[in-house]
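Summary of structural features
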Amino acid sequence: MRRAWFVVALFATTLTVLLFLVLPVVAIFTHVSPLTLASQLTNPVVDDALLVTLKTTLTAQALVILIGTPAAYFLATHRFRGRSLLVTIVELPLVLPPAVAGIGLLVAFGRMGLLHTSIPFTQTAVTLAVAFVSGPFYVRTAIAAFEAVEPRLVDASRTLGASPAKTFSRIVLPLARGGLTAGAALAFARGVGEFGATIMFAGSLQRVTQTLPLAIYAEFDVNFDVTLAISALLVLVSAAILITLKLASAWTLSPQRSDFRFAPSTST
């Protein structure tokens, strides 16, 4: 009897959690008709914000992968005094309030800041803000992925005469591919949804710095249907990223499962 009540309690708790998580998403798609949502996607505000979002997020993503991959590999394969501090610095933006990140970027790159630049309130500022808040998701995941690579395989490659660059490209990258893909997906999702740092550092200027999340805020009191349409679009984008990530992870792990399943037994 007690076991039955325990199972019922677990089921009720799980159902409550699922309803709490699903209800807001369902509400976005049911508050107005699907035709209304679709028609609002042709609004110039949506088109402009979508273009700015894609341009800045993809640029930031390219910078994060190009610079973050070798940095993550270095931190994953070298042990030295102060390494923990460097990893902590990489992780800090993960827990830093976005508004604080925006203020930090402003006083670092503003005209009256440390570097005295004219970057704030430009598309470059949006790109930097997105890279700042999303980059650590990729770098930290990449560090874990590189640390999971079997060192003996790297040593064997070097022993056979392969250069460090060739070993990295032919051995390390393929083995860490699953983790790198996951990190890139997380970084992209975080970049698409970035709001706080962007609005503080770049502002919300239509066709210049106004991304999709900023457009939601700007249109909230102007045209709520547009707000819902953009929200629905971002839900679909987020779902697509999540599904792609799961498929990529399954595809990456399947050869390992096959090798294990059909490998000859080593038991005695």
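What counts, and where the lines are drawn
- Residues numbered from 1 in each chain as written.
- Predicted model: local features only at pLDDT ≥ 70, side-chain atom pairs only at ≥ 80, totals over all residues.
- Heavy atoms only, no water.
- pLDDT = per-residue confidence, 0-100.
- Contact = heavy atoms within 4.5 Å.
- Core = buried A, V, L, I, M, F, W, Y, C linked by side-chain atoms within 4.5 Å.
- Buried < 20%, exposed > 50% of the residue type's maximum accessible area, 1.4 Å probe, protein only.
- Helix = DSSP H or I, 4+ residues; strand = E, 2+ residues; numbered from the N terminus.
- Phe/Tyr/Trp six-rings, centres within 6.5 Å; stacked < 30°, edge-to-face > 60°.
- Patch = residues over 30% accessible without salt bridge, like charges linked within 9 Å, V, L, I, M, F, W, Y side chains within 5 Å.
- Areas by Shrake-Rupley, 256 points an atom, 1.4 Å probe, with all protein chains shown as cover.
- Salt bridge = Lys/Arg side-chain N within 4 Å of Asp/Glu carboxyl O.
- Axes fitted to C-alpha atoms, helices over the stretch in contact; angles between N-to-C directions.
- Left-handed = near helix turned anticlockwise from the far one by under 90°.

Taken over all residues, the pLDDT of the chain has a mean of 89, while the share at 70 or more is 92%. Segment residues 255–268: pLDDT under 50, and 1 contact once partners within four positions in sequence are set aside and those in other chains are kept.

Membership of the largest hydrophobic core comes to 19 residues, with the highest contact counts inside it found for Tyr-138 and Phe-146. The element contributing the most residues to this core is helix 6 (residues 123–147), with 6 residues. Not counting residues up to four positions away in its chain, the partners in contact with Phe-146 are Thr-69, Ala-72, Tyr-73, Ala-76, Phe-168, Val-172, Leu-173, Ala-176 and Leu-180. Counting residues in hydrophobic clusters, the runner-up holds 12 residues, among them Leu-105, Val-126, Val-130 and Phe-201.

As a further point, take the packing of aromatic side chains. For any pair of aromatic rings, geometry is given as the distance between the ring centres together with the angle between the planes. In the structure shown here, the tally under the stated rule is 7 aromatic pairs. On the numbers, 5.7 Å between centres and 35 degrees between planes, the contact of Phe-74 with Phe-80 is tilted. By relative accessible area, Phe-80 is classed as partly exposed at 31%. Here the aromatic rings of Phe-109 and Phe-201 are separated by 6.2 Å at their centres, their planes lie at 50 degrees, and the arrangement is tilted. Taken together, the residues Phe-109 in helix 5 (residues 98–109) and Phe-201 in helix 10 (residues 196–201) connect sequence positions 92 residues apart. Residue classification places Phe-109 among the partly exposed positions, given a relative accessible area of 23%. Owing to a relative accessible area of 0%, Phe-201 belongs among the buried residues under this scheme. Of the aromatic side chains, those joined through ring pairs into one cluster are Tyr-73, Phe-146 and Phe-168.

Here Thr-211 is to be found in the loop between helix 10 and helix 11 (212–219). For Thr-211, the residues in contact, after removing those within four places along its chain, are Ala-49, Val-52, Thr-53, Thr-56, Val-126 and Glu-194.

Right, let's get into the environment of Val-25. Within the secondary structure layout, Val-25 lies in helix 1 (residues 2–30). Residue classification places Val-25 among the partly exposed residues on the basis of a relative accessible area of 35%. A sequence separation of 74 residues divides Val-25 from Ala-99, and the C-alpha atoms of the two residues are 25 Å apart.

Before going further, it helps to examine a nonpolar patch on the surface. A cluster of nonpolar side chains, namely Val-17, Phe-20, Leu-21, Val-22 and Val-26, defines an oily patch on the protein surface of about 490 Å² accessible area. Relative to the elements of secondary structure, Val-17 occurs in helix 1. You can call Val-17 partly exposed: its relative accessible area is 44%.

One pass over the full model with this rule turns up 6 salt bridges. Notably, a salt bridge pairs Arg-207 with Asp-48, separated by 3.7 Å at the nearest N-O pair. With Arg-207 in the loop between helix 10 and helix 11 and Asp-48 in helix 3 (residues 44–77), this pair connects stretches of sequence that are 159 residues apart. When its relative accessible area of 57% is taken as the criterion, Arg-207 is described as exposed. A salt bridge links Arg-190 to Glu-194, with the shortest nitrogen-to-oxygen separation between them at 3.1 Å. Through salt bridges that share partners, Arg-79, Arg-83 and Glu-147 make up one connected network.

A separate point is the packing of helix 3 against helix 9 (residues 177–192). To characterise two packed helices, one gives the angle between the axes of the helices and the distance between these axes. Packing of helix 3 against helix 9 leaves a shortest axis separation of 10 Å and a crossing angle of 145 degrees. Along this stretch, helix 3 crosses helix 9, giving a crossing that reads as right-handed. For the pair helix 3 and helix 9, the contacting residues are Thr-53, Thr-57, Leu-58, Gln-61 and Ile-65 in the first and Ala-184, Ala-187, Phe-188, Gly-191 and Val-192 in the second.

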